[in-house]
Each structure stands twice: as structure tokens, then as C-alpha cells.
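Commentary on secondary and tertiary structure
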Amino acid sequence: MIQRSIFVRGLLAAAAVAAFAGAAQADLLDDVRAAKKLRVAIDVGSPPFGTMDSAMKPTGSDVETARLLAKDLGVELEIVQTTGANRIPFLQTGKADLVISSLSVTPEREKVIDFSTPYAQIQAVVAAPKAMALKGFADLAGKRVATARGTTNDRLATEGAKGAQIVRFDDDATLVTAIASGQVEIFATSPSIVKTVADKAPALGVETKFVMNSFPLGIGMRKGETKLQAWINDWVAKNNENGNLTAIYKRFHG
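Residues numbered from 1 in each chain as written. Predicted model: local features only at pLDDT ≥ 70, side-chain atom pairs only at ≥ 80, totals over all residues. Heavy atoms only, no water.

Notes on the overall build of the chain
- Scanning the chain from N- to C-terminus turns up 10 helices and 12 strands.
- Every one of the 254 residues in the chain was classed for burial, and the buried ones make up 46%.
- Of the contacts made within the chain by residues no fewer than 6 positions apart, 69% connect residues no fewer than 24 positions apart.
- With the model as given, the accessible surface of the chain reaches about 12,600 Å², and the carbon-plus-sulfur share is 56%. (Helix = DSSP H or I, 4+ residues; strand = E, 2+ residues; numbered from the N terminus. Buried < 20%, exposed > 50% of the residue type's maximum accessible area, 1.4 Å probe, protein only. Contact = heavy atoms within 4.5 Å. Areas by Shrake-Rupley, 256 points an atom, 1.4 Å probe, with all protein chains shown as cover.)

What to know about the packing of aromatic side chains
- With the rule as written, the count across this model stands at 1 aromatic pair.
- On the numbers, 5.4 Å between centres and 80 degrees between planes, the contact of F137 with F210 is edge-to-face. Remark: F210 occurs in strand 11 (residues 206-217) and F137 occurs in the loop between strand 7 (120-129) and strand 8 (144-148); sequence separation between them is 73 residues. (Phe/Tyr/Trp six-rings, centres within 6.5 Å; stacked < 30°, edge-to-face > 60°.)

Structural notes on the side chain of K209
- Topologically, K209 is positioned in strand 11.
- Its relative accessible area of 17% is what places K209 among the buried residues.
- At 2.6 Å, the side chain of K209 and the backbone oxygen of M132 are in polar contact.
- Excluding residues within four positions of it along the chain, K209 makes contact with V126, A127, A128, P129, K130, M132 and L134. (Polar contact = N/O pair within 3.5 Å; in protein donor to acceptor, adjacent residues only side chain to side chain.)

Considering helix 8 (residues 191-200)
- All buried positions along helix 8 are accounted for by S192, I193, V194 and V197.
- Here the buried face of helix 8 lies against strand 7, helix 7 (172-180), strand 10 (186-189), strand 11 and helix 10 (244-253).

Here's the deal with the nonpolar core
- Among the nonpolar cores identified, the biggest contains 47 residues, and L98, L140 and I219 are the most heavily contacted of them.
- Residue contributions to this core peak at 6 residues, all from helix 3 (residues 61-73).
- Residues contacting L98, with those up to four places away along its chain left out, are L38, R39, V40, A41, L69, L91, I219, G220, M221, L228 and I232.
- By size, the runner-up hydrophobic cluster in this structure holds 15 residues, among which are L175, A178, F187 and I193. (Core = buried A, V, L, I, M, F, W, Y, C linked by side-chain atoms within 4.5 Å.)

Section: the environment of A128
- With respect to the helices and strands, the residue A128 is situated in strand 7.
- A128 sits 66 residues away from V194 along the chain, and the two C-alpha atoms are 8.8 Å apart.

Some points on the pattern of salt bridges
- Counted by the stated rule, this structure contains 11 salt bridges.
- A salt bridge links D154 to R168; the nearest nitrogen and oxygen atoms lie 3.0 Å apart. Highlighted residues: D154 in helix 6 (residues 152-160) and R168 in strand 9 (residues 165-169), separated in sequence by 14 residues.
- By relative accessible area, which is 7% here, D154 ends up buried. (Salt bridge = Lys/Arg side-chain N within 4 Å of Asp/Glu carboxyl O.)

Observations concerning the packing of helix 2 (residues 28-35) against helix 9 (residues 226-241)
- At a minimum axis separation of 6 Å, helix 2 and helix 9 run at an interaxial angle of 75 degrees. Put simply, helix 2 runs roughly perpendicular to helix 9. Facing L28, L29, D30 and R33 of helix 2, the residues of helix 9 in contact are K227, L228 and W231.
- Taken together, the residues of the contact of helix 2 with helix 9 sort by class into 4 nonpolar, no polar and 3 charged. (Axes fitted to C-alpha atoms, helices over the stretch in contact; angles between N-to-C directions. Parallel < 35°, antiparallel > 145°, perpendicular 65-115°, else oblique. Nonpolar A, V, L, I, M, F, W, Y, C, P; charged D, E, K, R; others polar.)

Notes on the environment of T93
- Mapping T93 onto the fold places it in the loop between helix 4 (87-92) and strand 5 (98-99).
- Look at T93 and you get exposed, because its relative accessible area is 56%.
- Sequence separation between T93 and R222 is 129 residues, and the spatial gap between their C-alpha atoms is 9.5 Å.

In C-alpha cells:
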């Protein structure tokens, strides 16, 4: 009886450990459905991907992509406002379930988070007034180059323009204001931000000078969320096929 009791207690202990392990490994997709809420980190200071409209409500291509995803998942969307530098930390610390915020897929980022299949594309460019002759990184030596802190544009400009002074701003909105007000003439950014500056300060005559690189945009999630990743990949495929994601991108990017 003593041996049987020990055996039974061993089975119960093993079962408890297995149950705990299973709970610890529960996929975030189940948690989101149970909570009926999806928390998505979006930089609303990065038009036209994320911005605030005249009623001070979030809008932009990434905002609308997040809204469509939450709707199809059958849950409420909670937008967690972030900056370029905080997108991945917000994900890793559990402040957000996903990141949909012009987050380009790079080998460095893939080491710390997982991505969905690409839902859009983005270029990283260097822009400046038309009168400035800039054809490549070598032409930036000795010049001040502005960018948004912690972004791919920041990394590419820092690595490529070795002889330049990189001036970092906290987000794209601050960067746009700095360029439009004449604080800095040259900036490393995306084509959409170049257009925003051109529209805001047409007298500057800013234009894209050269492309640093092109990247696919992915939906970011924490490592190991295989069930959630599979659902989102299927969702991206369906909405690329039916044209919904293309329509959102064209609406905001022209």
C-alpha cells in the first residue's frame, strides 16, 4: 500500500507539472480570444502608417490594418501608442500582444521576435532639398543627417554614413517638424515621410536622393507564439488575395 501510495502521488505530481507546463505554454491566440481584446503597439507619430486625425483619433495604414485584423479575429482593438525605439521592448515586456507599426523584417530583429509573412513593403531612403547633390553615403561625409531614433533608417544611416553626424529625434513627427522648420536639411527616412515634409513645407523642395535599402513589413510578435503566428499568416494571405491590404495601403500611401 505504501508503494502504491508513493506511485499515485508521483503520478499526481507529474500531472500537476504537465498541467503547469501546458498553462505556461498556452498560445497567446487563446488568451486574446478569451480576453476579447487585442493590444497592438502602433507609432501614431509616423504618418501615413500611424497618425492622429483632426478629431485626435488614430488613423493611418497600420492603424486600419490592425482594426481589420482585430475585426476578423472577433475581438476589440486596443491601440498601445509607442515610438520607433519602443516597438520591440513593448512587445517583449508584455505591454502589447502585437506590433503593427512599419516594422521592417531584418535579421537582427528576427533574433529577438517573430514576424508574420509580409503584409507590405517599405523603402529606407535619404532625402534632402533638390539643390543638394547627394548620390550615396560618401556624399554625406561631414554633413548632419536627421533620422528617427531606433528605426531601421537610423541603423542604415549610422552604418552607411560613417563620416556624417547623425541627429536623432524621438519619433517621425518630431523629425518632420525639425526638417520642415529648417533645423536639419538631410534626413534618413521612408518615402511617405518625405512626402509629408514636402506637403508641409513645399518651399524646401525636398526629394528622395537615394535608396538605402528596401524591406518587407511584418507583424511582430513574441517568440514561440506558433498558433498565433499561423493564424496571422493565414489572415495576411487571405487579405492579400482579396485585396483588402492593398486597398488600405493605397488609401494612405497613394
